[in-house]
Structure formats: C-alpha cells, structure tokens
Amino acid sequence: MPRKNALGAALVALVALGIGGPPASAAATPGTSAKPGKPVPGVAPAGADKTAVYLDMAGRIIPAAGRPAAAPQTARFRCTPVSGRDNPHRSGTGVAVSGHGWWDKGTCSNDRAKVYNCLYEYYTDNSWRQKACSPRKELKPGGGSSNRTVARHDCADTLRTSWRNHVDVNVIGQIDTPEKPMNGAVVDCRVY
C-alpha cells in the first residue's frame, strides 16, 4: 500500500508541473468549458454584432432583435422617440450586472411611454442570450433615477464577458418606430 500512495503522489506532482496528463491545449482555460462545442459566455469577437443571433430566456430565437426594422408604408405617420440607455455595468453592490432604460420625446408629442430594457450575455456559439428584463414601466421623458427602468442579474463570477443593454420605448397614444437600440460593454461579470 505505501508504494501505491507514493506512485499516486508522484503522478499528482508531475501533472501539477505540466508533465503527464492531458496536453496543455486540451486543458480548459478559466471561463471556458472543457467539453468541446459547449457554448459558454465570453468576450464577443469583432463582427459578432453583424452575425450573432439573439435568444430569449427560453432559448428561442428573437427575430431581428437590435436590428432596425424596414420602414413600413405608414412611416410618415410615426413618431421617433429617443431611446435612452446606459452601458451594461456592475451594479453599485458589485455582485450584479445592470442596465437602465429611459426615453426622450424626439419627434413624438405625447409625454408618456411604456419603457423596458433587457440585458444579453454573449456566448461562444455566436449568440446573445437574454438574462434579465426590467418590468414595463410608464415613464415621463427625461430619465433620471425615478424615470428609468432597471434590468439586473446576479454575477456567478467576475470573468470578463460581453453584455448588451437593449431598450424598447412604446409611446402611449402614438405609433412610434419599432427599433430597440442597444449599448454594449465588456463587464467583469459572468452569469452562465
């Protein structure tokens, strides 16, 4: 028995030094999966904004999320609100990722809109996955701490990850444009 324990200890020491065991290329790097092909959150590569798909919380594709819609025939009757949003960021508590949404009138005349915002985390299968959405809130234009929505999700760890904060504004009593503009940032917060 003592000989087996000594051999086991020697093998553990060799693997710890990188001698023996799986090749270095097969080892998982922090924040990635050891299983090939399993998508994990990460930092979005250049061009992901043009090719990535958006998934809702159930994993279904969200059509054209974040991409401007084609102008419909009734465009001349529409108003265009200004959709306010900030970059995704660590919340004041430091243990969650947050994003806010608000609005300004733009070409709209009404002074109330229903606003909500959603946070999306980038995954290595070239998808943006919805992680949190604020409740729809009726807001006056202008923003400020009392006139904004908040989407927030607790962090599982502090690995660098790409996030997007999309905002949707629906002006009450007017037909407005359908876009859901976004701001993006790399945040030291990963949800999974």
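As the structure is a computational prediction, the values presented were derived from the model and not from experiment.

**Student:** What should I look at first to understand the pairing of strand β9 (residues 157–171) in this one?
**Tutor:** On a regular strand, each side chain points to the face opposite its neighbour's, so the side chains alternate between the two faces of the sheet. Where strand β5 (residues 113–123) meets β9, five bridges bridge the pair, whose relative direction is antiparallel. The residue of β9 that forms the bridge with K114 is N170. Looking at chain direction, β9 and strand β10 (residues 182–190) are connected through eight bridges and run antiparallel. Bridge pairing links T161 to V187 in β10.

**Student:** Whenever I open this one, the pattern of salt bridges confuses me. Can you help?
**Tutor:** Pairing is possible between side chains that carry opposite charge, provided their charged atoms lie close to one another. What the rule picks out here adds up to six salt bridges. A salt bridge links K50 to D49, with the shortest nitrogen-to-oxygen separation between them at 3.9 Å. Since its relative accessible area comes to 65%, K50 is described here as exposed. With a closest N to O distance of 3.7 Å, E138 and R112 form a salt bridge. Within this pair, whereas E138 is found in strand β7 (residues 137–139), its partner R112 is found in the loop between β4 (96–104) and β5, the two being separated by 26 residues in sequence.

Cut-off values and rules
- Residues numbered from 1 in each chain as written.
- Predicted model: local features only at pLDDT ≥ 70, side-chain atom pairs only at ≥ 80, totals over all residues.
- Heavy atoms only, no water.
- Pairing = 2+ DSSP bridges.
- Helix = DSSP H or I, 4+ residues; strand = E, 2+ residues; numbered from the N terminus.
- Salt bridge = Lys/Arg side-chain N within 4 Å of Asp/Glu carboxyl O.
- Buried < 20%, exposed > 50% of the residue type's maximum accessible area, 1.4 Å probe, protein only.

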